[in-house]
Structure formats: structure tokens, C-alpha cells
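# Descriptive analysis of the structure
Each chain, letter by letter, is given below.
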Amino acid sequence: MALRKARGPLGPPIHVCLCSDDRDLRPAAVAIRSAAVSATDPERLIFHFITTPDFADSARQLFKEHVPGVRIEVHTNANLDDRLRGLISWRKS
């Protein structure tokens, strides 16, 4: 993937956050790649991907393989994840 080179001095970092517990990272990877390729200064972009604790390591590896050269930090919080799960109720279909 070819990223544009910065045209001048870099400004402050731009943080972009995506959240998902879906195992299919294709939509997130496409969004990240599109933003990085289209950015005037892609070096300023820092992507934060928030996911479940059990998927974080896989997400890190998949992003590293499929979106190389883009700064993507994968975050998770087991305590918050447990708390959120306690707030969700599923209807039987």
C-alpha cells in the first residue's frame, strides 16, 4: 500500500477510533486503508481499534498483516467488557 509522503512539517497527531467485536475485520481494514491512502499527511494518523479481550491479539496480527505501514493500536479492557456484557440482554427469537 503506497502512502503519501508528508508535504511539510507535520501537525499534531490525528486519532481515529473504531470499535467492533466482529471477527471480520475487512470493513475496519478497508476504512483504515482508505483514510491512510487518502490523507495528506498519513504519518499523523493514529488508529485505535477497540475490541473484546479474547480477540485483541488476533486483531493486532491481522491488521499488521493486511494493513502494513499504518499505525493501528488495538485496545481492550476486560473489566469494562464484563460490565458492558452485563448491561446487554438478548431476546430469544
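Coordinates for the structure precede this section.
What counts as what
Residues numbered from 1 in each chain as written. Predicted model: local features only at pLDDT ≥ 70, side-chain atom pairs only at ≥ 80, totals over all residues. Heavy atoms only, no water. Pairing = 2+ DSSP bridges. Helix = DSSP H or I, 4+ residues; strand = E, 2+ residues; numbered from the N terminus. Axes fitted to C-alpha atoms, helices over the stretch in contact; angles between N-to-C directions. Contact = heavy atoms within 4.5 Å. Buried < 20%, exposed > 50% of the residue type's maximum accessible area, 1.4 Å probe, protein only. Phe/Tyr/Trp six-rings, centres within 6.5 Å; stacked < 30°, edge-to-face > 60°. Arc of directions from axis to C-beta.

## Brief notes about the sheet that holds strand S1 (residues 14-19)
With parallel pairing, three strands are arranged side by side in an open sheet as S1-S2-S3. Both outer strands of the open sheet, S1 and strand S3 (72-75), are each paired with one neighbouring strand and no more. On average, adjacent strands in this sheet sit at an angle of 20 degrees to one another, irrespective of strand direction. Relative to S3, strand S2 (residues 45-50) runs parallel, the two being bridged by four bridges. Opposite histidine 48, over in S3, you have glutamate 73 as the bridge partner. In this fold helix H1 (residues 26-38) packs onto S1, S2 and S3, with an angle of close to 170 degrees to the strand it touches most, S2. In the packing of helix H2 (residues 56-66) onto the sheet, contacts are made with S2 and S3, and the angle to S3 comes to roughly 170 degrees.

## With respect to the environment of serine 38
Inspection of the secondary structure assignment puts serine 38 in helix H1. Overall, serine 38 belongs to the partly exposed group, its relative accessible area being 47%. Sequence separation between serine 38 and leucine 87 is 49 residues, and the spatial gap between their C-alpha atoms is 38 Å.

## Let's talk about the packing of aromatic side chains
Describing an aromatic ring pair means giving the distance of the ring centres and the angle of the ring planes. Counted according to the given criterion, the structure contains one aromatic pair. Between phenylalanine 49 and phenylalanine 63, the aromatic rings sit 5.0 Å apart at their centres with planes inclined by 75 degrees, giving edge-to-face as the arrangement. Residue phenylalanine 49 is located in strand S2, and its partner phenylalanine 63 is located in helix H2; the two are separated by 14 residues in the primary sequence. A single burial state applies to phenylalanine 49 and to phenylalanine 63, both of which are buried.

## Digging into H2
Along H2, the residues that are buried comprise Ala56, Ala59 and Phe63. Down the axis, H2 shows its buried residues gathered within 55 degrees of arc, on one side only. Pointing more than 90 degrees away from the buried face of H2 are the exposed residues Asp57 and Lys64.

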